[in-house]
Amino acid sequence: MAAALVAGVVVGSTVLAPQDAPAPAPTTSPAPTTATDADTPMPVGDLPGWRQVYVEDFSQDAALGSFPGPAYEGRWTGYEGFPDTSEAGLYSNTRVVSVQDGVMDLHLRTENGQPLVAAPIPLVHGRWGGQLYGRFEVRFRADPVHGYKTAWLLWPDSDDWAEGEIDFPEGPLSAEMYAANLLVGSPGVFDVKTDGLATFDEWHVATIEWTPDAVTFLLDGEEVGRSTSSPSTPMHWVLQTETDHGTPPADEEGHVEIDWVTVYEMG
């Protein structure tokens, strides 16, 4: 469980919003693993009870230092230039995220003593937030990088933790992932938290289905958890990738790779 940070942070008298903070010059990053034609394809089109409203298969390359624009401007944003949940890492799409060969690559590492992390956010309907209920699906893998984790989550647009939090996949990249739903009205209290589901080092598809009646988690198409404590206010999806409760070893580095994402609304 990890609560998302707010959309901006005050530094002195300036509010740094996503993508507003200046970033140092980019460094080079090894290319990620290429997703092959034999891999699970991105679903295209509506599903029973669900209307597809957003798809991203990363068909355009974006060098490190150029994400999201111009290739992904208006489709992606993210936290930029402020500390992650543990306050050890620094969120920066600019320094961490690139796209090559159909894969988004998050290159996690330490530079000049600073762990670098990222929290990309898809802009469904071209905006940050505003979605009430939906189906959120992502195909991903990661190197077993010690000291880093995912906490990919649905977070309230209001930043009021009491309205709920839905996490999947969450867990240290060097261990096993789990799914978690926090009890509405009780910030930080788990309503459902699964046991370890799988390691990160192979490709998986994680799905969250959020309806008025339930939150359901699926891994590779199989249900792995369900809760009837369902948030009832608008939320937004954040692929929050960060340090794991403290400063990681300085020599640890590796990649989180995302093949595709898609979002549905009820209907």
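A.B. asks: In this structure, what is going on with the overall build of the protein chain? I would like to understand it.
C.D. replies: Looking only at helices and strands, one finds 1 helix and 21 strands in the protein chain. Evaluated residue by residue, the protein chain yields a buried proportion of 54% over its 267 residues. Across the protein chain, contacts joining residues at least 24 apart in sequence account for 71% of those joining residues at least 6 apart. Accessible surface, the protein chain as shown: approximately 10,500 Å² in total, 51% of it carbon and sulfur.

A.B. asks: When you look at the pattern of salt bridges in this model, what are you seeing that I'm missing?
C.D. replies: A side chain with one charge can pair with a side chain of the opposite charge if their charged atoms come near. Overall, the coordinates contain 11 salt bridges when judged by the stated rule. For R141, the salt bridge goes to D143, with nearest N and O atoms at 3.2 Å. On the basis of relative accessibility, which here comes to 22%, the residue D143 falls in the partly exposed class. Salt bridges sharing common partners tie together D39, R139 and D259.

A.B. asks: What is the right way to read the nonpolar core from this model?
C.D. replies: Within soluble globular proteins, side chains that are nonpolar generally end up buried alongside one another. In this structure, W76, M104 and I258 are the most contacted members of the largest nonpolar core, which totals 54 residues. For this core, the leading source of residues is strand 12 (residues 148-156), giving 5 residues. For W76, the contacting residues outside a window of four places in its chain are Y54, E56, F58, F67, P68, M104, P120, I121, P122, L123, L239 and V261.

A.B. asks: Sorry if this is basic, but what is going on with the packing of aromatic side chains here?
C.D. replies: Each aromatic ring pair is summarised here by two numbers: the centre-to-centre distance and the angle between the ring planes. For the structure on display, the rule yields 15 aromatic pairs. Pairing F58 with W76 gives two aromatic rings, centres 5.7 Å apart and planes at 35°, and the pair type is tilted. Placement of the pair is F58 in the loop between strand 3 (50-56) and strand 4 (76-78) and W76 in strand 4, with a sequence separation of 18 residues. Note on accessibility: F58 and W76 belong to one class, buried. Between K193 and the ring centre of Y178, over which it is positioned, the NZ or CZ distance is 4.0 Å.

A.B. asks: What should I look at first to understand the pairing of strand 12 in this one?
C.D. replies: Counting buried positions along strand 12 gives 9 out of 9 residues, so the element sits mostly inside the fold. Here strand 12 shows two buried faces, one formed by Y148, T150, W152, L154 and P156 and the other by K149, A151, L153 and W155. Pairing of strand 12 with strand 20 (residues 241-243) involves 3 bridges; the strand directions are antiparallel. Pairing of T150 across the sheet is with T241, part of strand 20. Examined bridge by bridge, strand 12 and strand 13 (residues 166-172) share 5 bridges and lie antiparallel to one another. Within strand 13, the position partnered with L154 by the bridge is I166. Here strand 12 runs beside strand 19 (residues 235-238); their pairing, made up of 4 bridges, is antiparallel.

A.B. asks: How should unusual backbone geometry be read in this particular structure?
C.D. replies: The step from G69 to P70 runs through a cis peptide bond, and the omega angle for that step is 0°. The topology assignment puts P70 in the loop between strand 3 and strand 4. A cis amide bond, omega -5°, links F168 with the succeeding residue P169. Mapped onto the fold, P169 is located in strand 13.

A.B. asks: Before we go on, may I ask you to explain the confidence of the model for the protein chain in this structure?
C.D. replies: Low-pLDDT stretches of the model should not have their predicted coordinates read in fine detail. The predicted model of the protein chain has a mean per-residue pLDDT of 89, with 86% of residues at 70 or higher. Taken as a whole, residues 5-38 scores under 50 in pLDDT and shows 74 contacts with residues more than four places along the chain or in a different chain.

A.B. asks: For this particular structure, what's the right way to read the environment of T150?
C.D. replies: You can see T150 is positioned in strand 12. Taking the C-alpha atoms as reference, T150 lies 8.4 Å from F168; in sequence the two are 18 residues apart. At 2.9 Å, the side chain of T150 forms a polar contact with the backbone oxygen of P169.

Reading the values: the criteria
The written sequence of each chain sets the order in which its residues are numbered from 1. It should be noted that, the model being predicted, local features are given only for residues of pLDDT at least 70 and side-chain atom pairs only at 80 or more, the latter also being counted only at that level, while totals for whole chains, interfaces and linings use all residues. To obtain the side-chain values, all non-hydrogen atoms of the structure were included, while hydrogens and water were left out. Counting from the N terminus, the helices are DSSP H or I runs at least four residues long and the strands are E runs at least two residues long. For every residue, the accessible area obtained with a 1.4 Å probe (protein chains only) is divided by the maximum for its type, and the residue is called buried under 20%, exposed over 50%, and partly exposed between those limits. Residues count as neighbours in contact if any of their non-hydrogen atoms are within 4.5 Å of one another. In these tables, accessible area is a Shrake-Rupley quantity obtained with a 1.4 Å probe, and a residue counts as shielded only by the protein chains included in the view. Whenever a carboxyl oxygen of Asp or Glu lies within 4 Å of a side-chain nitrogen of Lys or Arg, that contact is scored as a salt bridge. Residues belong to one nonpolar core when they are buried, are Ala, Val, Leu, Ile, Met, Phe, Trp, Tyr or Cys, and are joined through side-chain atoms within 4.5 Å. We call Phe, Tyr and Trp rings a pair once their centres come within 6.5 Å, taking the six-membered ring for Trp, and we label the pair stacked below 30 degrees between planes, edge-to-face above 60, and tilted otherwise. Two limits define a charge over a ring: the Lys NZ or Arg CZ must be within 6 Å of the ring centre, and within 35 degrees of the ring normal. Two strands are counted as paired when DSSP detects at least two bridges linking them. Within a predicted model, pLDDT stands for the predictor's per-residue confidence, ranging from 0 to 100. Identification of polar contacts relies on pairs of N or O atoms within 3.5 Å, with a donor-acceptor requirement for protein atoms, meaning one able to donate a hydrogen and the other able to accept it, and with residues adjacent in sequence counted only if both atoms are side-chain atoms.

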